Each structure stands twice: as structure tokens, then as C-alpha cells.
Amino acid sequence: VQLQASGGGLVQAGGSLRLSCAASGHTFSSYVMGWFRQAPGKEREFVAAITSIVGSTYYADSVKGRFTISRDNAKNTVSLQMNSLKPEDTAVYYCAADFALSITTTARNYDYWGQGTQVTVSS
């Protein structure tokens, strides 16, 4: 599976961005899809994930209620709608795929990673 993330940019605090991740490969629907982020000098952290068929979701507490993850298995895409953005959301955002049935928040469990897209939120 190859992943290509897009949609990052510069936005003011309180604004919105929508990240997208396009996946290649015909087994996309078999993967849990997740979003992680990494700010300068910090470790990569879990943001959100969605299961393969049922579409169950899980969010980090820091983004719950502001971010929404979704997927379209017919189009091999996963999206992250980010609303009410805060300066602390500034990071490089990565999409990732985990060949599993249930969600894990541990980055090392994910099998494939996209290249990352920069999100910068100004105050």
C-alpha cells in the first residue's frame, strides 16, 4: 500500500483544514487507517483512526470534538476534517495503514506511512 497525503497549509486559529490521503492497492478496505502528527522536537503522536469495514473511529483527547476522520473504501481515500484549529495543532500530519481489525494508537504497529503534510496554525 502506498499512501499520499495532501491538504495541509497555513490557517489562522479557529479555522479549518481538510487533509486527504489517497491509497494505492486493492486491499485498502482491509486496513485500519490512522492519522498521526509530529511537531518539531516532539515524538509522533496519534490523532485519529478508523476501522476498515464498520468504520468505527477513535480520537486522541486533544482533538476529540474538533477533528473528524472518515474513509471512502470505493475511492481508497481517508480524510481528516480539522475544525477549530489551535496553534498547538501545528505539526506534520501523516496518514498510516495498519493491517488489523481493531484500532491501535501505537505508531510502530502501522505498516505503511504517507510522506506527511505540514499544518501550521497561526495565533
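Quick summary incoming for the structure in this document. (Residues numbered from 1 in each chain as written. Predicted model: local features only at pLDDT ≥ 70, side-chain atom pairs only at ≥ 80, totals over all residues. Heavy atoms only, no water.)

## Focus on the pattern of salt bridges
Counting across every chain of the model gives 4 salt bridges. E45 is the partner of R37 in a salt bridge, and the nearest nitrogen-oxygen pair spans 2.6 Å. Among the salt bridges present, the one from R37 reaches D89, with a minimum N-O distance of 2.9 Å. Here R37 is found in strand 4 (residues 32-38), whereas its partner D89 is found in the loop between strand 8 (77-82) and strand 9 (91-98), with 52 residues between them in sequence. Summarising the burial analysis for this pair, R37 and D89 share the class buried. Bridged by salt links that share partners, the residues R37, E45, R66 and D89 form one connected network. (Salt bridge = Lys/Arg side-chain N within 4 Å of Asp/Glu carboxyl O. Helix = DSSP H or I, 4+ residues; strand = E, 2+ residues; numbered from the N terminus. Buried < 20%, exposed > 50% of the residue type's maximum accessible area, 1.4 Å probe, protein only.)

## Looking at the side chain of S52
Structurally, S52 is set in the loop between strand 5 (45-50) and strand 6 (57-59). With a relative accessible area of 8%, S52 lands in the buried category. Setting aside residues up to four positions removed in sequence, S52 forms contacts with S29, S30, Y31, R71 and N73. (Contact = heavy atoms within 4.5 Å.)

## Topic: the pairing of strand 5
Of all 6 residues in strand 5, 5 are buried, a share of seventy percent or more. Across 5 bridges, strand 4 lies against strand 5 in antiparallel orientation. Residue pairing across strands places M33 opposite I50, the latter belonging to strand 5. The hairpin turn running from strand 4 into strand 5, its antiparallel successor, is 6 residues long, and G41 in that turn takes a positive phi close to 75°. Sheet topology places strand 5 next to strand 6; 3 bridges connect them, and they run antiparallel. Paired with A48 across the bridge in strand 6 is Y59. The antiparallel pairing of strand 5 with strand 6 creates a hairpin that spans 6 residues between the two strands, and G55 there sits at a positive phi of about 80°. (Pairing = 2+ DSSP bridges.)

## Digging into the sheet that holds strand 7 (residues 67-72)
Spatial strand order, 1-3-8-7: 4 strands in an open sheet with antiparallel pairing. Of all the strands in the sheet, just strand 1 (3-6) and strand 7 have a single pairing partner and so form its edges. Averaged over all neighbouring strand pairs, the angle between strand axes comes to 15°, with direction disregarded. Looking at chain direction, strand 3 (residues 17-23) and strand 8 are connected through 6 bridges and run antiparallel. Looking across to strand 8, one finds that C21 is bridged to V78. (Axes fitted to C-alpha atoms, helices over the stretch in contact; angles between N-to-C directions.)

## Focus on the side chain of S79
Among the secondary structure elements, S79 is positioned in strand 8. S79 gets classed as buried once you look at its relative accessible area, which sits at 9%. Excluding anything up to four places from it in sequence, S79 contacts R18, L19, S20, W35, T68, I69 and S70.

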